[in-house]
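Geometric and topological summary
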Amino acid sequence: MSDLENAKIALKGHTIALCKGDKILTSDKKGITPMVEFIDSGINLKGYSVADLIVGKAVAMLYVKAEIVAVYAKTISKSAIQVLKNNHISFYYDILTDKIINRKGNDLCPMEKVVLDIDNVDTAYHLIKSKLNELKHNK
């Protein structure tokens, strides 16, 4: 079985699952937080495959930064597909959407907003982290 298939199986009951060989990482946290935490933890994610519930441009850029090789998304945005294609990351999905909406359902996801016009993954990473901190402190 491939790493991506194993990640997809490991996704059940979680929000994200990463797999490489016999290593499986999962998280139950929502949104982009798990991927930021995986990157910040210092774990070398190069070569991992990811299964995720929702993939927008912001998290796709984090996948590029982490050197992920394959992605499965239950729901993916068109802008995320473009990021993955541009960086030669294979992907599969169940549902394609024009954009990722915020949790209230009334606007674009705040993480998507911060990377809307950004193409550099390091810039995107710093903007995403800043936005996460801002949202955490505004709760």
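Residues numbered from 1 in each chain as written. Predicted model: local features only at pLDDT ≥ 70, side-chain atom pairs only at ≥ 80, totals over all residues. Heavy atoms only, no water.

With 5 bridges connecting them, strand 1 (residues 16-20) and strand 2 (residues 23-27) associate as antiparallel partners. Residue pairing across strands places Ile 16 opposite Ser 27, the latter belonging to strand 2. Hairpin connection from strand 1 to strand 2: 2 residues lie between these consecutive antiparallel strands, with Gly 21 at a positive phi of about 60°. (Pairing = 2+ DSSP bridges. Helix = DSSP H or I, 4+ residues; strand = E, 2+ residues; numbered from the N terminus.)

Considered as a void within the structure, the largest pocket measures approximately 1,200 Å³ in volume. Lining the largest pocket are 41 residues, with Lys 30, Gly 31, Ile 32, Arg 103 and Met 111 positioned closest to its centre. Put simply, the parts of the chain that give the lining of the largest pocket at least two residues each are helix 2 (33-40), strand 3 (49-55), helix 3 (57-66), helix 5 (110-115) and helix 6 (121-137). If one sorts the elements of the lining of the largest pocket by residue count, helix 2 sits on top with 6 residues. When its residues are assigned to classes, the lining of the largest pocket shows 17 nonpolar, 10 polar and 14 charged. (1 Å grid on protein atoms, 1.4 Å probe; cavity = no way out; pocket = protein on both sides within 12 Å on 5 of 7 lines; lining within 4 Å. Points joined across faces, edges and corners; volume = space filled by probe spheres on them. Nonpolar A, V, L, I, M, F, W, Y, C, P; charged D, E, K, R; others polar.)

Residues of helix 2 that are buried include every one of Pro 34, Met 35, Val 36, Phe 38 and Ile 39, and no others. Where helix 2 terminates, the next one or two residues include Gly 42, which has phi positive at roughly 90°. (Buried < 20%, exposed > 50% of the residue type's maximum accessible area, 1.4 Å probe, protein only.)

Now for the pattern of salt bridges. All told, the structure shown has 7 salt bridges when counted by the stated rule. Among the salt bridges present, the one from Asp 107 reaches Lys 113, with a minimum N-O distance of 2.5 Å. The partly exposed category is assigned to Lys 113, whose relative accessible area is 42%. (Salt bridge = Lys/Arg side-chain N within 4 Å of Asp/Glu carboxyl O.)

With that settled, the discussion passes to the environment of Asp 122. Mapped onto the elements, Asp 122 comes out in helix 6. Using a relative accessible area of 39% as the deciding quantity, one classes Asp 122 as partly exposed. For the pair Asp 122 and Val 64, spaced 58 residues apart in sequence, the C-alpha separation works out to 9.7 Å.

All of the buried residues in helix 1 (residues 3-11) are Leu 4, Ala 7, Ala 10 and Leu 11. Buried residues of helix 1, seen end-on, are gathered within an arc of 120° and therefore sit on one face of the element. Buried-residue contacts for helix 1 involve strand 1, strand 2, strand 3, strand 4 (70-77) and strand 5 (90-97). (Arc of directions from axis to C-beta. Contact = heavy atoms within 4.5 Å.)

Take the packing of helix 2 against helix 6 next. Where helix 2 contacts helix 6, the axes come no closer than 11 Å and their chain directions differ by 115°. Seen from above, helix 2 lies across helix 6 with left-handed handedness. Residues Thr 33, Val 36, Ile 39 and Asp 40 of helix 2 pack against Tyr 125, Ile 128, Lys 129 and Leu 132 of helix 6. Here the contact of helix 2 with helix 6 is built from residues that sort into 5 nonpolar, 1 polar and 2 charged. (Axes fitted to C-alpha atoms, helices over the stretch in contact; angles between N-to-C directions. Left-handed = near helix turned anticlockwise from the far one by under 90°.)

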